[in-house]
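Structural description and commentary
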Amino acid sequence: MTLRTGTGARSSRIMGLGTYRPHREVSNTELCEAIDSTEEWIETRSGIIHRRFAGPAETLRAMATSAGRAALAHAGLAAEQVDCVVLATLTNLVQTPPGAFAVARDLGAVHAAGFDLSGACAGFCQALAVASDAVCLGNAEYVLVIGAERMTDVVDPSDRTVAFMFADGAGAVVVGPSERPGIGPVVRGSDTSGWAAVWMSSSWTDFADDPAAGRPSLQMDGRKVFRWAVDSVVPAARCAVERAGIGLAELSAFIPHQANLRIVDLIADRLELPSQVAVARDAAHSGNTSAASVPLAMDRLMRDGGVAPGDAALLMGFGAGLNYAGQVVLLPPAPADAD
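Predicted model, so just to flag it, every value in this text is computed and none were measured. (Residues numbered from 1 in each chain as written. Predicted model: local features only at pLDDT ≥ 70, side-chain atom pairs only at ≥ 80, totals over all residues. Heavy atoms only, no water.)

Remarks on the state of the cysteines
Under the criterion given, the structure shown has zero disulfides. Cysteine cysteine 239 remains unbridged, with the sulfur of cysteine 125 as its closest cysteine sulfur at 14 Å. Its relative accessible area of 23% is what places cysteine 239 among the partly exposed residues. (Disulfide = S-S within 2.5 Å. Buried < 20%, exposed > 50% of the residue type's maximum accessible area, 1.4 Å probe, protein only.)

Focus: the nonpolar core
Membership of the largest hydrophobic core comes to 51 residues, with the highest contact counts inside it found for Leu251, Phe254, Leu314, Phe318 and Val328. Ranked by the residues each element gives to this core, the list is headed by helix H7 (residues 222-243), at nine residues. Among residues more than four places away in sequence, those in contact with phenylalanine 254 are Ile267, Ala268, Leu271, Leu273, Val277, Ala278, Val279, Ala280, Leu314 and Met316. Among the nonpolar cores identified, the runner-up in size contains 37 residues, and Val86, Cys125, Val135 and Met298 belong to it. (Core = buried A, V, L, I, M, F, W, Y, C linked by side-chain atoms within 4.5 Å. Helix = DSSP H or I, 4+ residues; strand = E, 2+ residues; numbered from the N terminus. Contact = heavy atoms within 4.5 Å.)

Here's the deal with the pattern of salt bridges
Taken as a whole, this structure holds 11 salt bridges when the rule is applied. Arginine 52 serves as the salt-bridge partner of glutamate 25, at 3.8 Å between the closest nitrogen and oxygen. One end of the pair, glutamate 25, is in strand S2 (residues 24-27); the other, arginine 52, is in strand S3 (residues 50-53), and 27 residues separate them in sequence. Looking at glutamate 25, the relative accessible area reads 44%, which means it is partly exposed. According to the relative accessible area criterion, arginine 52 is partly exposed, its value standing at 21%. Residues arginine 238 and glutamate 272 are paired through a salt bridge, measuring 3.9 Å at the closest nitrogen-oxygen approach. Of the two residues, arginine 238 sits in helix H7 while glutamate 272 sits in the loop between helix H8 (261-271) and strand S12 (278-279), which places them 34 residues apart along the sequence. (Salt bridge = Lys/Arg side-chain N within 4 Å of Asp/Glu carboxyl O.)

Structure (structure tokens):
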């Protein structure tokens, strides 16, 4: 398969994939001890059966570093070969230095450029596009892209509207040069009229001024996000396939942000994907991990054997903003053993 690419002088591809899933698995039964809900309600509404919560030692930095190390090993690269690290996250509570540099230091990529990208649930696909452009234009040889989140740091565990949905984890890919296009053009956009559909309850400044008011936490108008995702992501996904120069029938996989399985399944249905296209449904086991969800879902889909290296996959991220980003990629080599 040959994908259409952008205007760069050379092409890019995903060379390696690595993930980190926290050790603690949290069932709906356990979650219902803290919120006014039932197992049946959670599974029916979201499709989530269990998710992973990070422990004290599983910091955002530690999870991102572990996923990045696994991706480098999968690509057969040393950390010293990395030119840039891009960390997509909304849960880095350390403002400076950027988390990308902490990860680069831990990996041994001590001279790599880097930055954090806060694109919420579209962050990984946004970061992948930035990395691909850098490689195609010759501004970098190898870019490490990491999506990592500790959503449990920003979610109120007693809030029944969101506590059942979000979870923790990290996924990473190495982007490098290729003789043929392996990452198609990005399609990105937003509907800023819905910027308040996903928001923080207060700012950290407010919290500093009045700690008694409570720590800022993630809030969401689920119905508004659901309607927007279906109305906006479907045409954007079709556009990403068209820009890649292929048809829906040439896809082997659809790997969207794992917001919840109701959204995933409805978007897949509205796209009218051919029956042979595998749809990633990692939310059932990982929950909504925001910027980490697309690489985590890619890893699980490849491990399940429904797709093969080199197959064309449509990636779509969407979330707070409201913003979306997506592209068609050729899947990397089969994942190495899980951590």
